[in-house]
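Below, each chain spelled out in residue letters.
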Amino acid sequence: MAIERVVDRADDPILRIRERRSYNDAERWFSQILRQRLKDVIEARCNFLVVLRRYPDEPNRLGIMPTPAKLPREQLRLSVIRELVYQTIDFVRADESGGPVAQSVAPDGSIFEVQAFTTKYPHIVIERTDHYPVNSLDPSEITWCLRRVQNQRQQTEINRLIDAAGLVVNLIKVFV
């Protein structure tokens, strides 16, 4: 009788056993808001989501999406929120290479650079925007946003109208 060898895939994030996260109530609420807003972008209920803003000169400061006024932001731990938003970016991005960097000058003379990155979703891109103060080679802030480049819901409605028109034409051909 042969002994079957069971391979435990402990290195696979979807199959491995994961220890429960130690979120507090505010972080639990934030994680649900983030999950819903991501879902809204994917399902075309929203076209834009600011996922993360970092301030390179202030490593203990992090900008996040707008949250309800009742969410106690002072209870959000930086390490937990940083991991949640990094997981969000990792979840949607297709690869690490980005498109060309477009540069513009703001009225105050500061520089903005924008670069798009592909995602696993054909109508969503990650836009990275770096803001450089006047005469600085280093950014003062970097923002990552999810942007829907085509509203799939509107496109689906248009496709249905085209299909209906095609059906009418075919019915006319049958009866003529």
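Here the structure is shown first, and the text comes after it.
First, a word on what this report is: a plain description of the structure on this page. (Residues numbered from 1 in each chain as written. Predicted model: local features only at pLDDT ≥ 70, side-chain atom pairs only at ≥ 80, totals over all residues. Heavy atoms only, no water.)

### Quick word on the nonpolar core
Thought 1: Counting residues in hydrophobic clusters, the biggest one holds 26 residues, and the most contacted among them are Phe30, Val51, Leu52, Leu76, Ile81, Ile126 and Leu146.
Thought 2: When residues of this core are traced back to their parent elements, those giving at least two are helix H1 (25-42), strand S1 (48-54), helix H2 (78-92), strand S6 (124-132) and strand S7 (141-148).
Thought 3: Ignoring anything within four residues of it in the chain, the contact list for Ile126 reads Ile89, Val92, Arg93, Gln115, Ala116, Phe117, Thr119, Trp144, Cys145 and Leu146. (Core = buried A, V, L, I, M, F, W, Y, C linked by side-chain atoms within 4.5 Å. Buried < 20%, exposed > 50% of the residue type's maximum accessible area, 1.4 Å probe, protein only. Helix = DSSP H or I, 4+ residues; strand = E, 2+ residues; numbered from the N terminus. Contact = heavy atoms within 4.5 Å.)

### Here we look at the environment of Val149
Thought 1: You can see Val149 is positioned in the loop between S7 and helix H3 (152-175).
Thought 2: Its relative accessible area of 52% is what places Val149 among the exposed residues.
Thought 3: Expressed as a C-alpha distance, the spacing of Val149 and Pro122, which sit 27 residues apart in the sequence, is 8.9 Å.
Thought 4: Not counting the four nearest positions on each side in its chain, Val149 is found in contact with His123, Ile124 and Val125.

### So, H2
Thought 1: The terminal C-alpha atoms of H2, which comprises 15 residues, lie 22 Å apart, in line with the 21 Å expected from a rise of 1.5 Å per residue.
Thought 2: Taken together, the buried positions of H2 are Val80, Ile81, Leu84, Val85, Thr88, Ile89 and Val92. (Expected span 1.5 Å × (residues − 1).)

### Focus on H1
Thought 1: Over its 18 residues, H1 runs 26 Å from end to end, which matches the ideal 26 Å to within 8%, given 1.5 Å per residue.
Thought 2: Burial in H1 covers these residues: Ala26, Glu27, Phe30, Ser31, Ile33, Leu34, Leu38, Asp40 and Val41.
Thought 3: Next to the buried residues of H1 lie S1, H2, S6 and S7.
Thought 4: In the stretch just after H1, Ala44 is the one whose phi turns positive, near 65°.

### Notes on the layout of surface pockets
Thought 1: Its volume calculated, the largest pocket comes out at about 800 Å³.
Thought 2: As for the largest pocket, its lining consists of 19 residues, of which Arg18, Arg21, Leu84, Gln87 and Phe91 are closest to the centre.
Thought 3: Taken together, the elements giving at least two residues each to the lining of the largest pocket come down to H1 and H2.
Thought 4: Here the residues of the lining of the largest pocket sort into seven nonpolar, four polar and eight charged. (1 Å grid on protein atoms, 1.4 Å probe; cavity = no way out; pocket = protein on both sides within 12 Å on 5 of 7 lines; lining within 4 Å. Points joined across faces, edges and corners; volume = space filled by probe spheres on them. Nonpolar A, V, L, I, M, F, W, Y, C, P; charged D, E, K, R; others polar.)

### Some points on the side chain of Ser110
Thought 1: The residue Ser110 is located in the loop between strand S4 (102-105) and strand S5 (111-119) in this model.
Thought 2: With relative accessibility at 2%, the residue Ser110 sits in the buried group.
Thought 3: In terms of polar contacts, Ser110 uses its side chain to reach the side chain of His131, at 3.0 Å.
Thought 4: Apart from the residues lying within four places of it in its own chain, the contact partners of Ser110 are Ser104, Val105, His131, Tyr132, Pro133 and Val134. (Polar contact = N/O pair within 3.5 Å; in protein donor to acceptor, adjacent residues only side chain to side chain.)

### Description of the packing of H1 against H2
Thought 1: Following both chains from N to C, one finds H1 and H2 inclined at 20°, their axes separated by 11 Å at the closest point. As summarised for this structure, H1 and H2 are arranged roughly parallel, according to the angle between their axes. The interaxial crossing formed by H1 with H2 has right-handed handedness. Of H2, the residues touching H1 (which contributes Glu27, Phe30, Ser31, Leu34, Leu38 and Ile42) are Val80, Ile81, Leu84, Val85, Thr88, Phe91 and Val92.
Thought 2: Of the residues assigned to the contact of H1 with H2, the class counts are ten nonpolar, two polar and one charged. (Axes fitted to C-alpha atoms, helices over the stretch in contact; angles between N-to-C directions. Parallel < 35°, antiparallel > 145°, perpendicular 65-115°, else oblique. Left-handed = near helix turned anticlockwise from the far one by under 90°.)

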